[in-house]
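So the chains spell out like this:
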Amino acid sequence: SLASIEITSQPTTENNLGYSVYPNPTSGVWNVSFAQSVESVSIEVIDIAGRIVLTSEKAHSTLIQVDGSNLPSGNYILKVTSNNETAYSRVAVAK
């Protein structure tokens, strides 16, 4: 059976690292919010061609802000790595 995917502006935490991303889509900044403080986290924003277009690293934080305001409108993949685990989220820039 096929799973349905609901597009919503509400934060979702359907990933193994327990973070949510909002607002999505954004015209500027994505907030990557963790339920608990993470020792270190690396975030990459990847375009549909597979190029890393943004990177961000933070330590001892529950909120990381990723500034996508310089990116063209479109769909991106957010790659979040923490504690040797990686999760992916679909994100979008809409201007």
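About the cut-offs
Residues numbered from 1 in each chain as written. Predicted model: local features only at pLDDT ≥ 70, side-chain atom pairs only at ≥ 80, totals over all residues. Heavy atoms only, no water. Helix = DSSP H or I, 4+ residues; strand = E, 2+ residues; numbered from the N terminus. Buried < 20%, exposed > 50% of the residue type's maximum accessible area, 1.4 Å probe, protein only. Areas by Shrake-Rupley, 256 points an atom, 1.4 Å probe, with all protein chains shown as cover. Phe/Tyr/Trp six-rings, centres within 6.5 Å; stacked < 30°, edge-to-face > 60°. Pairing = 2+ DSSP bridges.

S.K.: Got a minute to help me understand the overall build of the protein in this structure?
M.R.: Looking only at helices and strands, one finds 0 helices and 5 strands in the protein. From first element to last, N terminus to C terminus, the protein shows the α and β order β-β-β-β-β. Put simply, the protein has 95 residues, and 36% of those count as buried. Of the roughly 6100 Å² of accessible surface on the protein, 46% is carried by carbon and sulfur atoms.

S.K.: Before we go on, may I ask you to explain the packing of aromatic side chains in this structure?
M.R.: Both the distance between ring centres and the angle between the ring planes are used here to describe each pair of aromatic rings. Scanning all chains against the criterion turns up 1 aromatic pair. Ring geometry for Y19 against F34: centres 5.7 Å apart, planes inclined by 50 degrees, an arrangement best described as tilted. Placement of Y19 in strand 1 (residues 19-22) and of F34 in strand 2 (residues 29-46) is noted, with a sequence separation of 15 residues between them. Residue Y19 is classed as buried on the basis of its relative accessible area of 0%. Take F34: its relative accessible area is 5%, and that puts it in the buried class.

S.K.: Hey, could you run me through the pairing of strand 4 (residues 74-82) in this one?
M.R.: Side-chain direction in a regular strand flips from residue to residue, so the side chains alternate between the two faces of the sheet. Taken together, the 6 bridges between strand 2 and strand 4 define a ladder with antiparallel strand orientation. When the sheet's bridge partners are listed, I43 is paired in strand 4 with V80. With 9 bridges connecting them, strand 4 and strand 5 (residues 85-93) associate as antiparallel partners. Its bridge partner lying in strand 5, I77 is registered against R90. If you look at the hairpin formed by strand 4 and strand 5, you'll find 2 residues sitting between the two strands, and N83 has a positive phi there, around 50 degrees.

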